[in-house]
Amino acid sequence: MVYNFKEIEKKWQKIWEENKAFRAINGSSKPKYYYLVEFPYPSGSGLHVGHVRSYAAHDTMARKKRMQGYNVLFPMGWDSFGAPAEQYAIANNIHPKEAVAENVKVFKSQIQNLGISFDWEREFATSDPDYYKWTQWQFQKFFEHGMAYKAKTLVNWCGNCKTVLSNEDAAGGVCERCNASVVQKEQEQWMLKMKDYAQDLLDGLDDTEYSDRVKLAQIEWIKRSEGALINFKLKELDESLEVFTTRPDTIYGVTFMVISPEHPIIEKYHQQISNYEELEAYKQEAHKKTEFERTQLNKDKTGVKISGITAANPLSNKEIPIFISDYVMMNYGTGAIMAVPAHDERDYEFAKKFSLPIIPVIDGGDISKEAYLGDGVHINSEIINGKNLDEAINIISDYIEENQIGKRTVNYKLQDWVFSRQRFWGEPIPLIYNEQDGWKTDKNLPVLLPDTVNYKPTEDGKSPLTNIKEFVNYKDKNGVEWIRETDTMPNWAGSSWYWLRYMDPHNDKEFVSREALEYWGQVDWYNGGMEHAARHLLYARFWNHFLYNIGLVPYKEPFKKRVAHGMILGEGGAKMSKSLGNVVNPDDMVNLYGADSLRVYELFIGDYEKDATWSDQGIVGTHRFLNRTYRIKEKVTDVNKYSQKLECLMHQTIKKVTDDIDNMKYNTAVSSLMILLNEMEKQEVITKKDYRTYLCLLNPIAPHITEELNEICDLGDPFYKSDWPVYDKDKIVDAEYELVVQVNGKVRGKTVSRTDASKEEMEKQAKSIDNVQKHISGKEIVKIITIPGKMVNIVVK
RNA sequence: GCAGGAGUGGCGGAAUGGUAGACGCGAAGGUCUCAAACACCUUUGGUAGUAAUACUGUGUGAGUUCAAGUCUCAUCUCCUGCACCA
């Protein structure tokens, strides 16, 4: 250990805190910039080296931006509601509130030990009543604007966590939290009408600068498809069955229909259906299957034919049977499909299984083997015979609209948001109910979570709050008795507006003041993990779009820019996990090498947006780099201008580091600083200005050691009060350079040339090199390509 | 299956169409030391050669170009999302 990083780091962290060095000022006349990094769940396992990477990266940008004269908002808080905190509490047999307080303390000190320049005066946790009061208030806005409704839905039920999960939480048929299988269960739930915002959420992406993969994750999740709704008349009833299809042109190939086992028509025409019991049994069987079995394992088609109801093809008038099958989902489209086995893989499998007719309507392929999915000319299709795909779709769409059989439509995969959780540790949904008045908002906010110890989920899956009479029974000031809603909000709620609260975190009159909203505007740059690029981002955008539409926020899109960091993998390339024993604790690294070494290492490790593998050796390298940075202070002279030999490199490095930080190319920023240090080490002495500039460029990445050296060597104001260096673009080009000479594209020699040499001079110089002579003598020179300041290529024959 | 991304030394990784392998790690040799650690110096893609140098080299195969890791086409592999989405 060359320098005492422990003492230095503590010292500067204290100075920054005492001087409120990173305080963001509402209404400052400086230009504003808002950096947001996802706030963590304060889980029991403490900070991960992955957190360090994203915090250090944003911190680097934030520190530089401040030095460039911006009023930077760079806040941090805690996403403390939800399952992780609750599970930790249950496991350790303490109240979630205490668990959160405990974990936040650990997280905060870990982050502070890293010297991240968060404005801690704006800190809050989503489980603070002062915060969730406003989450509840905003939910009431959704409710008041008809955006929240209660519905009996088939929900994903995790038997292990004893809770309902959103489709997003149950992706892949396993519980996001505990990995147990998810089954389907009917339950009354509060829903938010997110589907109404599908197109807006899609269009809004055009006004953002998200990285491509983030944008695509959003598009994929919303998934828009254009097609048509078509009504199929039911022969026995005065009723029709509506289907959604993207291929109306294949309608002549429809040989049967399939509806979801949960389709309401089954209940409605219970009487007409002669095999109702059989259908009901199938439905029950399907619900027992996990989503995983339904989708992954069981590609084998199952189903039951509905007896007593048949449909008619609206174009050909042919009578067709109707089946129920679990391959049709109630929550997509209309829950019913027209089956075209000749041209759809799933319908084909089903038709084969149930020996149903397969009529080709597009020419091509061999339908005796498989469904033909390719393009071609329509056949067996009366009014569209001989037409190609686009034409046929148009003709059929026109036809069904003219004859009022159906209409063109756009469908989205995006679903309404299941907003209820039957858990203790969440924001209570602030609604009350009685028979006469139905559901009403409770205006006495916050609706506080009771201080109960009975917070474990109940066996029947109801919220533990249902057992607390003092909470459930509510009498208003007129003496009217109400029952309180006992469901709580999902974890995603608190994180759906937290960036707004940072703008004005202590406001007890409003969720955020209008002035603060106008001043800070959009989050300029939001970083987080790829795992949140679909769901969290979608919920947050939806929430903000809604607030915008009711006039509560000035911008529709909350985040101007979103970039996703890569993961830090354990040594060996696997995801860090306790079971693999490859978890690296940032505290250990800070103790061994210091926060600066850890920060530099995590930024040097590779491309910020890509995954990177941890290496214990790598951090040794960056630690050495900082030691050398420290040691070179002995060479500093009192001269206050750049050394002549270093001047050009200094300007080049300023440019490189400035550009690289803006483009998140931290690895090459660090590398260019290493190059500069290597050069300085070669000099007998370096000037005060050389050293000051070098330290200043390194400061956003390694803030402690640079502040210390700046002070020890008496180079100027502390960096947190200083300006970012600027380069002179006339000085980034050296007077001389190494001219590369190629013959037929192969390097045959190098020589030192003047930057302002003419092409003729360059060619003359090139030809004078012995080895070049050797390769061109006796041959005909076809042409010479000369790139000033770079190279000469002599083409010979 | 669909979409996106990536294949470069022993390893992490650099390269506006213009010197491939910057920078770092590791390794080898050396200096310091009684010794070790730390530090410092030298070397380090492969093959041949004392060397100068030559050939070869960015997953594979073609192509465009004076010049290709970079552009085009084909192909293989890996990763990451999404997935019975009608």
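All values derive from a computational prediction rather than experimental measurement. (Residues numbered from 1 in each chain as written. Chains lettered and ligands numbered in written order. Predicted model: local features only at pLDDT ≥ 70, side-chain atom pairs only at ≥ 80, totals over all residues. Heavy atoms only, no water.)

Caption draft 1: Representation of the packing of aromatic side chains within the structure. Inspection of every chain in the model, using the stated rule, returns 51 aromatic pairs. Between Y608 and Y666, the ring centres sit 5.7 Å apart and the planes meet at 75°, which makes this aromatic pair edge-to-face. A residue pair is termed long-range when its members are at least 10 positions apart, and Y608 in the loop between α19 (595-604) and β22 (612-613) and Y666 in helix α22 (residues 666-682) qualify at 58 residues. Judged by its relative accessible area of 1%, Y666 falls in the buried class. Its guanidinium or amino end placed over the ring of Y33, K65 lies 4.4 Å from that ring's centre, counting from NZ or CZ. Against the face of W221 rests K413, its NZ or CZ located 5.3 Å from the ring centre. (Phe/Tyr/Trp six-rings, centres within 6.5 Å; stacked < 30°, edge-to-face > 60°. Helix = DSSP H or I, 4+ residues; strand = E, 2+ residues; numbered from the N terminus. Buried < 20%, exposed > 50% of the residue type's maximum accessible area, 1.4 Å probe, protein only. Lys NZ or Arg CZ within 6 Å of the ring centre and 35° of its normal.)

Caption draft 2: Quick peek at unusual backbone geometry. Looking along the chain, the bond that leaves L445 and enters P446 is cis, with omega of 0°. Mapping P446 onto the fold places it in the loop between β16 (438-441) and α13 (469-472). A positive phi angle, near 55°, is found at N93, a position not held by glycine. Considering the arrangement of structural elements, one finds N93 in the loop between α3 (83-92) and α4 (96-113). Notably, N380 is not glycine yet its phi reads approximately 50°, a positive angle. Mapped onto the elements, N380 comes out in the loop between α11 (345-353) and α12 (389-402).

Caption draft 3: Expanded view of helix α20 (residues 616-631). Compared with the 22 Å implied by 1.5 Å per residue over 16 residues, the 23 Å span of α20 between its first and last C-alpha is a close match. With a side-chain oxygen positioned 3.2 Å from the backbone nitrogen of Q617, the residue opening α20 is S615. (Expected span 1.5 Å × (residues − 1). Polar contact = N/O pair within 3.5 Å; in protein donor to acceptor, adjacent residues only side chain to side chain.)

Caption draft 4: Representation of the packing of helix α21 (residues 647-662) against α22 in the model. As a packed pair, α21 and α22 sit with axes 8 Å apart at the nearest point and diverge in direction by 165°. Overall, the two elements α21 and α22 adopt an arrangement that is roughly antiparallel. Helix-helix and strand crossings are classified by hand; for α21 and α22 the assignment is left-handed. Along its contact with α21, which presents L649, M650, T653, K656, V657, D660 and I661, the element α22 presents Y666, T668, A669, S672, L673, L676 and E679. (Axes fitted to C-alpha atoms, helices over the stretch in contact; angles between N-to-C directions. Parallel < 35°, antiparallel > 145°, perpendicular 65-115°, else oblique. Left-handed = near helix turned anticlockwise from the far one by under 90°. Contact = heavy atoms within 4.5 Å.)

Caption draft 5: Seen up close, the sheet that holds strand β20 (residues 561-565). One open sheet holds the five strands; their spatial order is β2-β1-β19-β20-β6, and the pairing between them is parallel. Both outer strands of the open sheet, β2 (71-73) and β6 (209-210), are each paired with one neighbouring strand and no more. Looking at chain direction, strand β1 (residues 32-37) and β2 are connected through three bridges and run parallel. Note that in β2 the partner of Y33 across the bridge is V72. This element, helix α2 (residues 49-67), spans β1, β2, β19 (525-529) and β20 of the sheet and lies at about 170° to β1. (Pairing = 2+ DSSP bridges.)

Caption draft 6: A look at the pairing of strand β8 (residues 240-245). By the bridge criterion, six bridges tie strand β7 (residues 224-233) to β8 in an arrangement that is antiparallel. Directly across from L229, in β8, lies its bridge partner F244. Between β7 and the antiparallel strand that follows it, β8, lie six residues.

Caption draft 7: Region of the structure containing the protein's contact with RNA strand B. Around RNA strand B, 53 residues are found, and the nearest of them are T246, R346, K413, K750 and N793. The sugar-phosphate portion of RNA strand B accounts for 64% of its atoms within 4 Å of the protein, the bases making up the rest. A distance of 2.8 Å separates a base nitrogen of RNA strand B from a polar backbone atom of M329. Side-chain polar atom of H775 to a phosphate oxygen of RNA strand B: 3.4 Å apart, as the coordinates give it. Broken down by element, the residue count for the surface near RNA strand B peaks at six residues, all from α22. (Near = heavy atom within 4 Å.)

Caption draft 8: Summary view of the confidence of the model for chain A. In this model, chain A carries an average pLDDT of 90, and 95% of its residues clear a pLDDT of 70 or more. Our summary of model confidence lists the complex with pTM equal to 0.92 and ipTM equal to 0.94. (pLDDT = per-residue confidence, 0-100.)

Caption draft 9: Layout of the state of the cysteines. Summed over all chains, the structure comprises zero disulfides. In this structure C648 is a free cysteine whose sulfur lies 19 Å from that of C696, the closest cysteine sulfur available. Unpaired in terms of disulfides, C713 finds its nearest cysteine sulfur in C696, a separation of 14 Å. Under the relative-accessibility criterion, C713 is labelled buried at 18%. (Disulfide = S-S within 2.5 Å.)

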